[in-house]
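# Structural overview for review
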Amino acid sequence: MKKECIAMLLAGGQGSRLYALTSSVAKPNIPFGGKYRIIDFPLSNCANSGIDTVGVLTQYRPMKLNAYVGTGQPWDLNSDDGGVFILPPYMSQGEKGNWFSGTANAIYQNMEFIDLRDPEYVLILSGDHIYKMDYAAMLEEHKEKGAAATIAVIQVSMDEAKRFGIMNIGEDGYINEFEEKPAHPKSTMASMGIYIFTWSKLRQALIEDEADPDSQRDFGKNIIPRLLNQGEKLWPYQFKGYWRDVGTITSLWDANMDMLSPELIDLYDPNWPILSRSPIRPPQVVGPEADVRHSIVTEGCVVNGSVFNSVLSNQVTVEKGATVEYSVLMPGAHVEAGAEVRFAILGENVRVCGGAHVGTAPDGSEGWGVATCGPNVTVGPGAFVAPGTMLYDDVVAT
Amino acid sequence: MRNLHGIIYTLSSEPELQQLVRNRNSASLPFGGRYRLIDFALSAMVNAGIPDVGVIMERDYQSLLDHLSSGADWGLARRRGGLRMLPPFGLPEAHSGHFGGCMEALRSVRSYIRDIPQGDVVLCAGDWVGNVDLSAAIDLHFHTGAEITAVCSEGYGPFAHHRLVKDDDGYARRLLFSEGGPGEGLFSREIYIMKKDLLLSFMDFCSEGGKNHFHRNAIAHYLSEGGKIAVYEHNEYARRITSVRDYYDASMELLDPVNMAALFPSEDRPIRTKERAEVSTYYGEQSKVRNSLVADGCYIEGEVENSILFRGVRVAKGAKVKDCILMQDTVVNDGAELRCVIADKDCVITEGCFLAGSPRLPIVIPKGERA
């Protein structure tokens, strides 16, 4: 069935800078903001933008992500003529088959999937950003400007610009230069890693790039510069609003804390819901001894301790006399009576036993950072997990 | 998957539920922060692996249709079988749409029951709160080879009206009626597993002479003819909700962790309900919430104590809510104070409003009203 625009969601990256949190799941499957997983944001944006066909390119540890995405029903993407399609690397006749060797190669290997839908345009998304965006408005601008590619950009500070792919703009408003992480940025217009391509142009560029032995098969490093060199029109789509890359422990923690400030990103907007697949659990129980302030809490939680400035996913337990501050607790985390958790991320099903301490408030010291406990870790009674720690295994008191 | 067919009957709006059933059948009464009463019966069937469920509806079934929709949230939206909604289609022309009892409800869908492909059915009332392990009851039914098996519980209360006296061999041969007080035997949970042919014979027997009641007419007759009923005992928390007072009491009973554990025992027998696109609940910097059951999507900046908050409820800064039940999307504005209030869906409590009922006589604010 012919589609005007389909989306390809790059969800295969390991997310190695999240360390223990991605030791057994892909980054897009990381719980976020209480109710969600990271991939809920691009999938919901697609559904809300009227894009009903989404290919999800998976590679690293895909089992839980595949199960989470399922038929796409929670995002209303399970229609007869659209749908969500998990696209892992596969074998072809006479070849051994190859892993995706870069973002562009992942799309190259799935050209047949795109060709079957014969779209005019292809939207390329990544699975590690928190934002609400109307891709339909971006597509309108892409068409209006007659561009081969439209790149969503956001204004950053001159200092931050050094960490992003930066677009330099000519007098006509089109992009005339792209610099990856420039030492001396000429502009503060940063690429958000969201692209709309006219499919015929992208298709050609992918084939040419594949033939180039020196290419890293990357959209930012190879495909965009290639189109620029060929004199194609590249248009920057200016995005205003909340957008965060959550690829590191600090940025993941920061963005979770942002969810406590509804003025930053309105998740209550009925016209742009962020949808998720929720386990079937009863309402949250706030016990007689509980003190919950400036926090978000999700169904299935049982809270009878103190919770301040924190984000609790479903089925988290905070026992009477436990304290949780400035922390992110993923599904099933359990903080026993008398335990204290501060400035920390607890992965799924982490157990912090009585009298244990995880993390501390910032103290200006060199080694300070958010303390992180990987999934299923038990912090034994009375144990101390220092700030900045990345915990992969159980610890006991020393 | 079980080779049985589920039938849930949702009898009319109990008059004692007053405004709570003004626009709905009592089976679609919101309960426990995110459920409707029918979710308990329907989930029990789904959790027992029953593949097909018919829901018989009386008048005022619009909210029930809306809630159940395709049945997808219970895993019952299927190409073969699954959920069937049964608004009355076999009633005489002059009929008011109000059933005199379960047997009349069944008669209204006689051809549906006749065509049920399975040999056994589970018949279940739609207005009980409880989490029965129906799978174990079905095992007993097949194991004993009984024609009919009843789920019964110990105890008494306004819901314990029909009582079965179990003999030493595990079968009941006597049916008693008690008005509220303690009595002999076990009370019927209004869940029966039986041969489909037996149900059809009940319907034939009750087809004339105003015999509309399942217990008083069909079961009493069956036992008088020498029939016997296998009894499966379920002695966990169970309540039938038939009045505002029942509703308030049963809601407040949820604040006892023992009852919560009985209703939501484990991931094996979850109570399923209609999913909403929901956010986690936000607790504001000055919020003070104690001893309450709170669904997702709430926004709480004020004080809440001993209360049940449904999805999407907002409690503004300076508002105080104590001993209340606030249904979906109700808003309590700044400075308002509520005690022993049941606010139905979409109510707005205006700034500075003060309302206090008592546990015996809670104030009910009807759906969509401003107070």
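Reading the values: the criteria
- Residues numbered from 1 in each chain as written.
- Chains lettered and ligands numbered in written order.
- Predicted model: local features only at pLDDT ≥ 70, side-chain atom pairs only at ≥ 80, totals over all residues.
- Heavy atoms only, no water.
- Pairing = 2+ DSSP bridges.
- Helix = DSSP H or I, 4+ residues; strand = E, 2+ residues; numbered from the N terminus.
- Buried < 20%, exposed > 50% of the residue type's maximum accessible area, 1.4 Å probe, protein only.
- Contact = heavy atoms within 4.5 Å.
- Buried area = accessible area lost by both parts, 1.4 Å probe.
- Salt bridge = Lys/Arg side-chain N within 4 Å of Asp/Glu carboxyl O.
- Polar contact = N/O pair within 3.5 Å; in protein donor to acceptor, adjacent residues only side chain to side chain.
- 1 Å grid on protein atoms, 1.4 Å probe; cavity = no way out; pocket = protein on both sides within 12 Å on 5 of 7 lines; lining within 4 Å.
- Points joined across faces, edges and corners; volume = space filled by probe spheres on them.
- Nonpolar A, V, L, I, M, F, W, Y, C, P; charged D, E, K, R; others polar.
- pLDDT = per-residue confidence, 0-100.
- Phe/Tyr/Trp six-rings, centres within 6.5 Å; stacked < 30°, edge-to-face > 60°.
- Lys NZ or Arg CZ within 6 Å of the ring centre and 35° of its normal.

One open sheet accounts for six strands, arranged β15-β18-β21-β24-β27-β30 (chain A); its pairing is parallel. Pairing within the sheet leaves two strands with one partner each, and these edge strands are β15 (291-293) and β30 (384-385) of chain A.

Looking at helix α7 (residues 214-224) of chain B, one finds that the buried residues are Phe214, His215, Asn217, Ala218, Ile219, Tyr222 and Leu223 of chain B. Trailing α7 of chain B by a residue or two, Gly226 of chain B shows a phi angle of about 95°, which is positive.

As a measure of interface size, the accessible area lost when the parts come together is often cited. On the side of chain A, 32 residues touch chain B, which itself brings 35 residues to the contact. The junction of chain B with chain A conceals about 2800 Å² of combined surface from both sides, 53% of it contributed by carbon and sulfur atoms. At the junction of chain B with chain A, the criterion picks out two salt bridges. A salt bridge links Lys35 of chain A to Asp296 of chain B, with the nearest nitrogen and oxygen atoms 2.5 Å apart. The interface formed by chain B and chain A includes 20 residue pairs in polar contact (both at pLDDT 80 or more). Taken together, the elements giving at least two residues each to the side of chain B that touches chain A come down to β14 (281-283), β15 (288-290) and β16 (292-294) of chain B. Pairing geometry for strand β14 (residues 284-286) of chain A and β16 of chain B, over three bridges, is antiparallel. The residue bridging Val286 of chain A from the neighbouring strand is Ser292 of chain B, located in β16 of chain B.

Residue and element names in this part refer to chain A. One number sums up the size of the largest pocket: a volume of about 1500 Å³. Along the walls of the largest pocket sit 49 residues, with Arg17, Lys27, Asp128, His129 and Asp245 positioned nearest its centre. Partitioned by chemical class, the residues of the lining of the largest pocket number 16 nonpolar, 20 polar and 13 charged. By volume, the second largest pocket is sized at about 900 Å³. A per-class count over the lining of the second largest pocket returns twelve nonpolar, ten polar and ten charged.

A word on the confidence of the model for chain B. Averaged over all residues, the pLDDT of chain B is 93; the fraction at 70 or higher stands at 99%. Interface scoring of the predicted complex returns ipTM 0.93; its pTM is 0.95.

This next bit is on empty space enclosed by the protein. Scanning the model with the defined rule gives four cavities of 30 Å³ or more in all. Of the voids in this model, the largest cavity is the one considered here, and its volume is about 80 Å³. When its residues are assigned to classes, the lining of the largest cavity shows nine nonpolar, two polar and one charged.

Backbone-to-backbone hydrogen bonds pair the strands of a sheet. The strands run either parallel or antiparallel. Spatially, β29(A)-β26(A)-β23(A)-β20(A)-β17(A)-β14(A)-β16(B)-β19(B)-β22(B)-β25(B)-β28(B) is the arrangement adopted by the eleven strands of the open sheet, whose pairing is mixed. Since the sheet does not close on itself, it has two edges, and those belong to β29 (378-379) of chain A together with β28 (363-365) of chain B, each with one partner. Bridging between strand β23 (residues 334-335) of chain A and strand β26 (residues 351-352) of chain A involves two bridges; their strand directions are parallel. Along β26 of chain A, the bridge assignment pairs His334 of chain A with Arg351 of chain A.

So, about the packing of aromatic side chains. All chains considered together, the criterion is met by 26 aromatic pairs over all chains. Ring centres of Phe85 of chain A and Phe113 of chain A lie 5.4 Å apart, and the angle between their planes is 65°; on these two criteria the pair is classed as edge-to-face. Separated by 28 residues along the polypeptide, Phe85 of chain A in strand β5 (residues 83-87) and Phe113 of chain A in helix α4 (residues 111-117) bring together distant segments of the chain. Exposure remark for Phe113 of chain A: the relative accessible area of 9% places this residue in the buried category. Among the aromatic side chains, those forming a connected cluster through ring pairs are Phe31, Tyr35, Phe40, Tyr247 and Phe264 of chain B. For the cation-ring pair, Arg117 of chain A lies above Phe113 of chain A, with the distance from its terminal atom to the ring centre recorded as 4.1 Å. Sitting over the face of the ring of Trp235 of chain A, Lys145 of chain A holds its NZ or CZ atom 4.5 Å from the ring centroid.

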